[in-house]
Amino acid sequence: MDKTMNKIECDPSCGFMVQSHDEKEVTGMAMSHAKNMHKMDVSEHDMRKRMMSV
Ligand SMILES: [Zn+2]
């Protein structure tokens, strides 16, 4: 069983953070956050580059 969590943090001034075992969930939530809160379209590819394992 893989216990590694994937995590994406937004800008520290924003404070948004999402983490899950499911990396698609993490990238998906981070992408909708960027779009809704920051009017930024970030590709899944770019989000994956910001993803960390914790
Ligand atoms: Zn944010």
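Residues numbered from 1 in each chain as written. Predicted model: local features only at pLDDT ≥ 70, side-chain atom pairs only at ≥ 80, totals over all residues. Heavy atoms only, no water.

1. Some details on the pattern of salt bridges
- In total, this model carries 5 salt bridges according to the counting rule given.
- A salt bridge links Glu-23 to Arg-48; the shortest N-O distance between them is 2.5 Å. Residue Glu-23 is found in helix α1 (residues 23–38), and its partner Arg-48 is found in helix α2 (residues 44–50); the two are separated by 25 residues along the sequence.
- Of the charged contacts in the structure, one is a salt bridge between Glu-44 and Lys-24, with a shortest N-O distance of 3.9 Å. Residue Glu-44 is located in helix α2, and its partner Lys-24 is located in helix α1; the two are separated by 20 residues in the primary sequence.
- A relative accessible area of 33% means that Glu-44 is categorised as partly exposed.
- Residue Lys-24 is classed as exposed on the basis of its relative accessible area, which comes to 58%. (Salt bridge = Lys/Arg side-chain N within 4 Å of Asp/Glu carboxyl O. Helix = DSSP H or I, 4+ residues; strand = E, 2+ residues; numbered from the N terminus. Buried < 20%, exposed > 50% of the residue type's maximum accessible area, 1.4 Å probe, protein only.)

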